[in-house]
Amino acid sequence: MSEIRGGDTLFGAKVAVSRAIGAASRASGRGGGTTLPGRVLLRLEPEAIARLGSDLDRGATVLSATNGKTTTAAMIAAILAADGRHPVHNRAGSNMTWGVATALLEQRGHEGLFEVDEAWLPRVTEQLDPSLIVLGNLFRDQLDRYGEMEALADEWAKTAAERAGRTGFVLNADDPLIADLGRDASGEPRERVVYFGIEDDSQALPELQHAFDAKHCRRCGHAYSYARAFVGHLGHYSCPNCGAQRPRPDVAATSIELRGMDGSRSTIRTPEGEIELALPLPGLYNVYNALAAVAAGLRLGVGRDRIASALSEVRAAFGRVEGFEIGGVPVWLLLIKNPAGANEVLRTVRDSAGPDGKADFWIGLNDRIADGRDVSWIWDADFEILAGSARKVVCGGTRAAEMALRLKYAGWPADAIEVVPGIERSFDAALGGAADGRLFALPTYTALLELRKLLSDRGLAREFWR
C-alpha cells in the first residue's frame, strides 16, 4: 500500500490531520477514538471511504442486519484469522460511515470486513464497491430513526439491483424480506447468491410470536402462509397467491441441539459437505449468525474444517452474551434492543435458569438516541416468557418505571419488581439481591455502555470470562 493512501498529497494531509486528532482524543481519555478520526476525515473529504477502500485489492465484505451483525462480523473475522487473513475491520462496533472511515484510516490490510448500520448500507456499499454483501435479517427497530422496515427493504432492494452481476450475496432464506432480494441480486452466474437457513423443524415456535413483522408478500401484497417460524418472522413461508416461497438454502442447519448458556451443537449442510459445529454462544439466534458466517466463509474461500474450528472458539461480541463474576456472583450480560431480539434472549434465559427454574434479573432500559427514543417496543416483546421464572428483578435506566409497568402486565410478581434510579445504583441493588448466585443483566445499548464503563472503572473489565 502506498504511504499516502488513496491518492494525492492534499488527501494525504487530510489523512494525517484526522489521524492526529484521533490520537489526541485517545490520549485525552475522553473517548471518541473509534469515530472521531473518521468523522473529521469525512468532513474534510466526503469520498474518503471510496479513496481509502480502493487500496483493498482483495476486496471488501459488507454485512448488515437488524439483529446479530456485530456477532456475525466477529465470527467472520475469526474465520478469516484462522485462514491467516486479518482484514481491515471496524471491530469496535461503530458501524456508520465514520466508523468505517476510521477503520480504513487506522488499519492496514488487503481486504476489508465491515459491519454496517441498516440505514447506511446503501451509502457505504456505493463507496466501497464490495465483493461480497451479507444480509442477515430485518426486524422492527428504532422506528423513530428508521421508519418501517419495509422502507429499509426497498432501499436494500435498490442496492441489490445496482450490484447485480458485480457483487456476491449471502442472504437469509428464512427472512422473506431478505430472501426476496435475491431476485434482484442474482445476475449471472447463479453462484453470486448463497442462501442460508434452518431446516430442523424441532426448533420451530409453537405459535407465531406477537413480534411477527413480515406478514405480506413483497411481490403481490398477499398474506404469507407460514409452515413454521423459528425467530420472529424467520421461518418457512410461501405466498398462496403468486407462488413466491422460501428458497432452498445452500447452507442449512439440519439438526440443532440448544444447550442453554453453554451454546449449541449443529449439523450444517453445505455444498462442500457437512459441518459438525459446536458453538459456544447460546440461543437459536446465534445459530443463524453462525450460518451466515459459514456461508460467508465458504464464499471467501475458507475450508469447512477451518471454519468449524474457528467458530468453536469464537467469543461473544461486546455485550452479546458476556459472562463475568463479581464477589463470587456469576453475571450474564445480554443486550436487548427490539422485540424479536429480546424474545430470543428471554427464551435463552428461561432455558438457563437455576435448578428451581427461578432467576434474578437486572433490566436497564434507556431511551437515548442510540437506543431509540420510542420504547414502546417493550410491549411487543414477550416478557411473559419469564413470568414464572422471576425471583427478583431490579429495573434501572431512564425508563425504569415503564419497564416495571410492562413486567407487571406480563405477570411478573409485583413484590419481586423494584425500580432503582440510575445504572450504578440499580445494578448494585440487583447484584446484592442475587439469591442463587447468578444474575441475568439485560440492558439496552446505552445502558450496556454505562454498565461496561462502571465495571471498567472498578477494575473489573479483566474479569469478563466469555
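Here's what I pulled together on the structure shown here. What you see as residue numbers is a count from 1 along each chain, following the sequence as written. Restriction of local features to residues with pLDDT of at least 70 applies here, the model being predicted, together with a cutoff of 80 or more for giving and counting side-chain atom pairs; totals for whole chains, interfaces and linings are based on all residues. Processing note: side-chain calculations cover all non-hydrogen atoms of the structure and skip hydrogens and water entirely.

### Thoughts on the overall build of the chain
Point 1. The helix and strand labels rest on DSSP assignments: H or I over at least four residues marks a helix, E over at least two residues marks a strand, and numbering proceeds from the N terminus. Helices and strands together make up the secondary structure of the chain, namely 16 helices and 17 strands.
Point 2. Whereas a compact globule of 466 residues would reach a radius of gyration of roughly 23 Å, the chain reaches 22 Å, a difference of no more than 12%.
Point 3. Summarising its shape, the C-alpha atoms of the chain cover approximately 65 × 60 × 40 Å along the three principal directions.
Point 4. With a 1.4 Å probe rolled over the protein chains alone, any residue whose accessible area is under 20% of its type maximum counts as buried; one over 50% counts as exposed, and the rest are partly exposed. When burial is assessed residue by residue, the chain has 59% of its 466 residues classed as buried.
Point 5. Should any heavy atoms of two residues lie within 4.5 Å, those residues are considered in contact. Look at the contacts in the chain between residues 6 or more apart in sequence, and 72% of them connect residues 24 or more apart.
Point 6. Each accessible area is a Shrake-Rupley estimate made with a 1.4 Å probe; only the visible protein chains count as cover when residues are assessed. For the chain, the exposed area adds up to about 18100 Å²; of that, 49% sits on carbon and sulfur atoms.
Point 7. The sign given to each residue is positive for Lys and Arg and negative for Asp and Glu; His and the chain ends receive no count. Where a charge sits is defined by one atom per residue type, namely NZ (Lys), CZ (Arg), CG (Asp) or CD (Glu). The distance from the centre of the 54 positive side-chain charges to the centre of the 61 negative ones in the chain is 3 Å. Between the two quantities, the radius of gyration covers C-alpha atoms and the globule rule is 2.2 Å times the number of residues to the power 0.38.

### A look at the sheet that holds strand β12 (residues 320–326)
Point 1. Two strands are said to pair when DSSP picks up at least two bridges between them. Taken in spatial order, the six strands make up an open sheet running β12-β13-β17-β14-β15-β16, and their pairing is mixed. Of all the strands in the sheet, just β12 and β16 (417–419) have a single pairing partner and so form its edges. Here the average twist between neighbouring strands, direction ignored, is 20°.
Point 2. Here strand β14 (residues 359–364) runs beside strand β17 (residues 439–443); their pairing, made up of five bridges, is parallel. Bridge pairing in β17 links G364 to P443. To get an axis, a line is fitted to the C-alpha atoms, and for a helix only the part in contact is used. The angle between two axes follows their N-to-C directions and goes from 0 to 180 degrees.

### Describing the packing of aromatic side chains
Point 1. The rule is short: rings of Phe, Tyr and Trp, with Trp giving its six-membered ring, pair when the centres are within 6.5 Å, and they are stacked under 30 degrees, edge-to-face over 60, tilted in between. All chains considered together, the criterion is met by eight aromatic pairs.
Point 2. Geometrically, the ring pair formed by F361 and W412 is tilted, given 5.3 Å between the ring centres and 55° between the ring planes. With F361 in strand β14 and W412 in the loop between α14 (400–409) and β16, the pair connects residues that are 51 residues apart, well separated along the chain.
Point 3. The structure contains a cluster of three or more aromatic residues connected by ring pairs, namely Y224, Y226 and Y237.
Point 4. Geometrically, a lysine NZ or arginine CZ counts as sitting over a ring once it is within 6 Å of the ring centre and also within 35 degrees of the ring normal. Lying over the aromatic face of W98, R39 brings its terminal NZ or CZ to 4.2 Å of the ring centre.
Point 5. Across from the ring centre of F11, 4.3 Å away, lies the NZ or CZ of R51, which sits over that ring.

### Some details on helix α1 (residues 9–28)
Point 1. To estimate the expected span of a helix, count its residues, drop one, and scale the result by 1.5 Å. Here α1 spans 29 Å end to end across 20 residues, near enough to the 28 Å set by a 1.5 Å rise per residue.
Point 2. Within α1, burial applies to F11, G12, K14, V15, S18, G22 and S25. Down the axis of α1, the buried set is contained in an arc of 160°. They therefore lie on one face. In α1, the exposed positions angled more than 90 degrees off the buried face are occupied by T9, L10 and A27.
Point 3. Structurally, α1 contributes buried residues whose contacts are with α2 (36–44), α3 (48–53) and α5 (97–106). To be clear, the arc concerns the directions from the helix axis to the C-beta atoms.

Shape is all these values report; function is a separate question.
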